[in-house]
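Chains, contacts and geometry: an overview
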Amino acid sequence: MQSPGSLYVVATPIGNLNDITQRALETLKSADLIAAEDTRHSGQLLARLGISARFTALHEHNEQHASRYLIAELLAGKNVALISDAGTPAISDPGTLLIAAAHDAAIRVIPVPGASAVICALSASGIVAPNWLFYGFLPAKPNHRQASLQTLAALPYTLVFYEAPHRIVECVADLARILGGTRRVTFARELTKLFESIHSLPLAEAEAWLSADANRQKGEFVLIVGGAAAGDNTDDHAELRNTLTVLMDELPLRQAVHIAAKLTGVKKNTCYKLALTLQKTDL
Ligand code: SAM
């Protein structure tokens, strides 16, 4: 019987092409098949690195189907390299289904480490905190984002987020409102690229700083926020906010308020006022 091939999880640069590793180059050159998020984008990247390869698409919309195909190829003895558009696959990127399926099928999974925006940002942030929590992307919908932030507000760990440029201002406003303005935030922007910048300031000043120059809102961001200090003021209505958020997704406002008041024991009037704020931020 044919012995299975190996699945290589290969990191690619997050901006600067010179950050490709020697081992990544060798792995990509020798792989029978490269599974890539966007085959056109990766085809161009690999062409610039002097590599011609056979590609197959694996992205968030076809991951299950593509994984079945790739597992069959691996079992038939092919070596497969998994890459994403940039950075390390499966870190806020597709790949986990394939990797889990490979482990289940007793296929060897071999990491080929390299760039990842989270590590790149933390390493150059100067933040003196031994413990940090990588959250990845917060939800795009404001009330879901706020509910997620509520669950993080009391944690004594540095928090690390990915965020898209078109949501950076509203995200930072929520961070300040829910985590408190005194915590520091670091904007690690366009890392390893031409307009790379790393800037820290208190959350209370962050929205104004971003708005003062449109260029500060452009590109790719990692946000690093200080953890909760002992006695930090967190929202008294965290539980109510979460309950309302879930109910308001399913029910008309009055009904959501009625049930939330019963579940949490908070006065109906208070629930109603908070529900109106949540409704407004969700528009
Ligand atoms: N798998 C990738 C990794 O290992 O970093 C992350 C992919 S995720 C879809 C893309 C997000 O990573 C961006 O929205 C941004 O938050 C962050 N990111 C990627 N490249 C970056 C860069 N050069 N500078 C700052 N943030 C970056």
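Quick note: structure is the one above.
As a starting point, this report considers the structure included with it. (Residues numbered from 1 in each chain as written. Predicted model: local features only at pLDDT ≥ 70, side-chain atom pairs only at ≥ 80, totals over all residues. Heavy atoms only, no water.)

Side note on the site of the ligand
- Lining the immediate environment of the ligand, one finds 19 residues, of which I91, D93, S116, A117 and F221 sit closest.
- One nitrogen or oxygen atom from the main chain of F221 is found 2.5 Å from an oxygen atom belonging to the ligand.
- Summarising the interface, the protein chains cover 90% of the accessible area of the ligand, which totals 580 Å² for the free molecule.
- For the shell around the ligand, the elements supplying multiple residues, two or more each, are β7 (158-163) and β10 (221-225).
- Split into classes, the residues belonging to the shell around the ligand amount to 10 nonpolar, four polar and five charged. (Near = heavy atom within 4 Å. Polar contact = N/O pair within 3.5 Å; in protein donor to acceptor, adjacent residues only side chain to side chain. Areas by Shrake-Rupley, 256 points an atom, 1.4 Å probe, with all protein chains shown as cover. Helix = DSSP H or I, 4+ residues; strand = E, 2+ residues; numbered from the N terminus. Nonpolar A, V, L, I, M, F, W, Y, C, P; charged D, E, K, R; others polar.)

Regarding the sheet that holds strand β4 (residues 80-83)
- A sheet is described by the order of its strands in space; here five strands give the open sequence β3-β2-β4-β1-β5, paired in parallel fashion. Every interior strand has two partners, whereas the edge strands, β3 (55-57) and β5 (108-112), have only one. Across the sheet, the mean angle separating the axes of adjacent strands is 25° when strand polarity is ignored.
- Bridge count for strand β2 (residues 33-36) against β4 is four bridges, and the pairing is parallel. The residue of β4 that forms the bridge with A35 is L82.
- On the sheet, helix α2 (residues 39-48) packs against β2, β3 and β4 and is oriented at approximately 150° with respect to β3.
- The strands touched by helix α4 (residues 96-104) within the sheet are β1 (6-10), β4 and β5, with β1 carrying the most contacts at an inclination of about 150°. (Pairing = 2+ DSSP bridges. Axes fitted to C-alpha atoms, helices over the stretch in contact; angles between N-to-C directions. Contact = heavy atoms within 4.5 Å.)

A short note on the sheet that holds strand β8 (residues 184-189)
- Pairing is mixed in the open sheet, where five strands are placed in the order β6-β7-β10-β8-β9. The strands lining the two open edges of the sheet, one partner per strand, are β6 (132-137) and β9 (197-202). Averaged over all neighbouring strand pairs, the angle between strand axes comes to 20°, with direction disregarded.
- Looking at chain direction, β8 and β9 are connected through six bridges and run antiparallel. Of the residues in β9, the one forming a bridge with F187 is H199.
- Running over the sheet, helix α7 (residues 168-179) touches β7, β8 and β10 and is turned about 5° from β10.

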